[in-house]
Amino acid sequence: MEGTHTMPDPSAPPAPAVPPTPPVLLSALLARDDLGLRQIAGPVDAGTAVHWAHTSEMSDPYPYLLGGELLLTAGVHIPEAAGSGTYFDDYVSRIVAAGGAALGFGVAPVHDSVPRALVASCDSYGLPLIEVPPRTTFSGVARAVWQLMALARHTELRRVTEAQQALAAAASRPDPVHAVLRQLARRVSGRTVLYGPEGTEVAAAGRGPTPAALADLAAVVRPDATPSTAPTPGRFLRGAGNCATSHDEPEPAKAPPPLTPSPRTPPPTSATDTVNGTHLAAYTLTTGGNGFTLGVATPHRTPGDHTIASVAAVLLSLLTGERQIGTGAARTSALVRLLLGAEPQEAAPLLGPGTHWHVVHARPTDGTPRPEALAAASLGAALGSPLVDAHGDVVRVLVPADREISEQPGWTCGVSAPAEPHAWPVADVQAARALARARATRTALVRHGLPTTLAQLVPPDEATAHAEALLAPVTAAPGAAALTETLRTWLSLHGSWDRTAVALSVHRNTVRQRVARCATLLAADLDDPDVRMELWFALRDG
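Read on for an overview of the structure.

### A short note on the sheet that holds strand β16 (residues 388-391)
Phase 1: Read from one edge to the other, the open sheet built from 5 strands follows the order β16-β17-β15-β18-β19, with strand pairing classed as mixed. Each edge of the open sheet is held by one strand with a lone partner, namely β16 and β19 (445-447). When the angles between neighbouring strand axes are averaged without regard to direction, this sheet yields 15°.
Phase 2: Relative to strand β17 (residues 394-400), strand β15 (residues 357-364) is paired through 6 bridges, and the arrangement is antiparallel.

### Topic: the pattern of salt bridges
Phase 1: Using the criterion set out here, one finds 12 salt bridges in the structure.
Phase 2: Close ionic contact of Arg32 with Asp34 constitutes a salt bridge, the shortest N to O distance being 3.0 Å.
Phase 3: The class for Asp34 is partly exposed, based on a relative accessible area of 46%.
Phase 4: Across the pair Arg38 and Glu131 runs a salt bridge whose closest N-O atoms are separated by 3.0 Å. Here Glu131 lies in strand β7 (residues 129-132) and Arg38 lies in strand β2 (residues 38-41), a separation of 93 residues in the sequence.
Phase 5: Judged by relative accessible area, which is 46%, Arg38 ranks as partly exposed.
Phase 6: Each of Asp389, Arg396 and Asp428 takes part in one network of salt bridges that share partners.

### Structural notes on the sheet that holds strand β13 (residues 278-284)
Phase 1: The 5 strands are arranged β9-β8-β14-β13-β12 in an open sheet whose pairing can be described as antiparallel. The open sheet has two edge strands with one neighbour each: β9 (201-205) and β12 (270-275). Neighbour-to-neighbour, the strand axes of the sheet open up by a mean angle of 15°, direction not taken into account.
Phase 2: The sheet contacts of helix α6 (residues 212-221) involve β8 (191-195), β12, β13 and β14 (293-298), and relative to β13 the element is tilted by about 30°.

### Focus: the nonpolar core
Phase 1: Counting residues in each nonpolar core, the largest one holds 29 residues, and the members touching the most others are Leu167, Leu181, Leu184, Leu294 and Leu316.
Phase 2: Those elements that provide at least two residues to this core are α4 (138-171), α5 (176-188), β9, β13, β14 and α7 (305-320).
Phase 3: Per element, the largest residue contribution to this core is 8 residues, and it comes from α7.
Phase 4: Grouped together as the second largest cluster of nonpolar side chains are 20 residues, Tyr87, Ile95, Phe105 and Leu127 included.

### Looking at the packing of aromatic side chains
Phase 1: Following the criterion strictly, the structure yields 4 aromatic pairs and no others.
Phase 2: Summarising the aromatic geometry, the rings of Trp357 and Trp424 are spaced 5.9 Å apart at their centres and angled 85° between planes, so their arrangement reads as edge-to-face. Of this pair, Trp357 sits in strand β15 while Trp424 is found in helix α11 (residues 424-440), placing the two residues 67 residues apart along the sequence.
Phase 3: Looking at Trp424, the relative accessible area reads 14%, which means it is buried.
Phase 4: Among the aromatic residues, those joined into a ring-pair cluster are Tyr87, Phe88 and Tyr91.
Phase 5: Across the ring face of Tyr62, the terminal group of Arg94 is positioned such that the distance to the ring centre comes to 4.2 Å.

### Some details on unusual backbone geometry
Phase 1: For the bond running from Ala108 to Pro109, omega is 10°, close enough to zero to count as cis.
Phase 2: Note on placement: Pro109 falls in the loop between β6 (102-106) and α3 (116-125).
Phase 3: One non-glycine residue, Ala108, lies in the positive phi region at around 75°.
Phase 4: Positionally, Ala108 belongs in the loop between β6 and α3.
Phase 5: Its relative accessible area of 37% is what places Ala108 among the partly exposed residues.

Rules and cut-offs
- Residues numbered from 1 in each chain as written.
- Predicted model: local features only at pLDDT ≥ 70, side-chain atom pairs only at ≥ 80, totals over all residues.
- Heavy atoms only, no water.
- Pairing = 2+ DSSP bridges.
- Helix = DSSP H or I, 4+ residues; strand = E, 2+ residues; numbered from the N terminus.
- Axes fitted to C-alpha atoms, helices over the stretch in contact; angles between N-to-C directions.
- Salt bridge = Lys/Arg side-chain N within 4 Å of Asp/Glu carboxyl O.
- Buried < 20%, exposed > 50% of the residue type's maximum accessible area, 1.4 Å probe, protein only.
- Contact = heavy atoms within 4.5 Å.
- Core = buried A, V, L, I, M, F, W, Y, C linked by side-chain atoms within 4.5 Å.
- Phe/Tyr/Trp six-rings, centres within 6.5 Å; stacked < 30°, edge-to-face > 60°.
- Lys NZ or Arg CZ within 6 Å of the ring centre and 35° of its normal.

Given below as structure tokens:
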């Protein structure tokens, strides 16, 4: 379970060894009508948690407690003269020192009522005191604790499972980085932030502003974090895998110097903090890669939040990490060579072993005028290439030819024919034309070189309307079917009278008369190739 920890105090007892199950709220036990429990002393705190129930009749239970217990006793250990001395104060103080959550006192058979001195001691030391009625057995209380634990565990597992499914679905949507951040913010009821390698806020989701301390916490887990770039020493307790402190509690007296890593100490992979009641957590997305970090701020910490955030961190690592060909150093080297005048075919081997590449042009289907850099990078990751250029309203991606290019949700794409590096400029033009065809035909993906016609550039409903309007004089005339079929056949046979007559099984003069009749009705010169082309498209799609 998650928690908020202060700087260590060597004089303090060790932290409670709580079980790996969600704790039970004391208020939930008190609400059980079948138990009949009643709190008669100590602070009433809705957040008091019970990790287990333990029965003991020892006068000093301290050595047998781990912390977080609801300690149950029938008072067998209480001497007759206990009310006149310090027995109850000593007894309660030892329970508090051991980290006990509450004390349950069973009425009967030893005591007819809870001793007044015990009530006063519990009030004095701030320990909740619960009266257990005679009809309720201690084993029944313990069973109720485990029943509530099992219910809480089941609820937590179901919440985590549903969150995992929702986050995975978000990762497959258009603009997956933002989708995952939004889903995570919803699942933990907080603010989620993606920080870039330089520590700048790249994307965020959730209500409210981003706490300033969250960026400091993210700097602790950034892969390149060093003592010179980390926040002020002493603010965070850092370790190999976690980092935590509390701003809500005063610094303990005589605290040892804060722990700070040496320059060779690797940064933690996660960190937690609490600032002014807001719970903060940060996760590095890769252990030695691109420097992206995830920050989460929530008004309260719920069991399962850490697991849910960890799942989101893994998904974001895949969406922002080096999943593609080549290394960053090789790509940088290729860029430098091109800038210094090298030919593309000379620099291309640095990008991977392939000899042929596709150029992909893409635009968001929602009409976004300038796709964000993260959305462009996510598209490149989905296509399997880090070679992405987001310029204006078009994203261009250079993809190895051996990679399958499929439709991408949220994008309209045009794909060039495979091209060697020296032909990349030509492939770029091909991809641009393919994208234009895809947008005109409202198709998710069009590849250059596939059979297509100019008619496909016009949406079908618009083409039908245009054809009906253009051919209306012919379709409204007597013998419209014969006229239309003759005109279509004549155009398909390049205006040949004889072949049209053979195809229609009529005399050639009949063909001439029908075509002339169509020309008169349309008031058009059928010898004009532009007129013939427009009529052909209309007859095909009308």
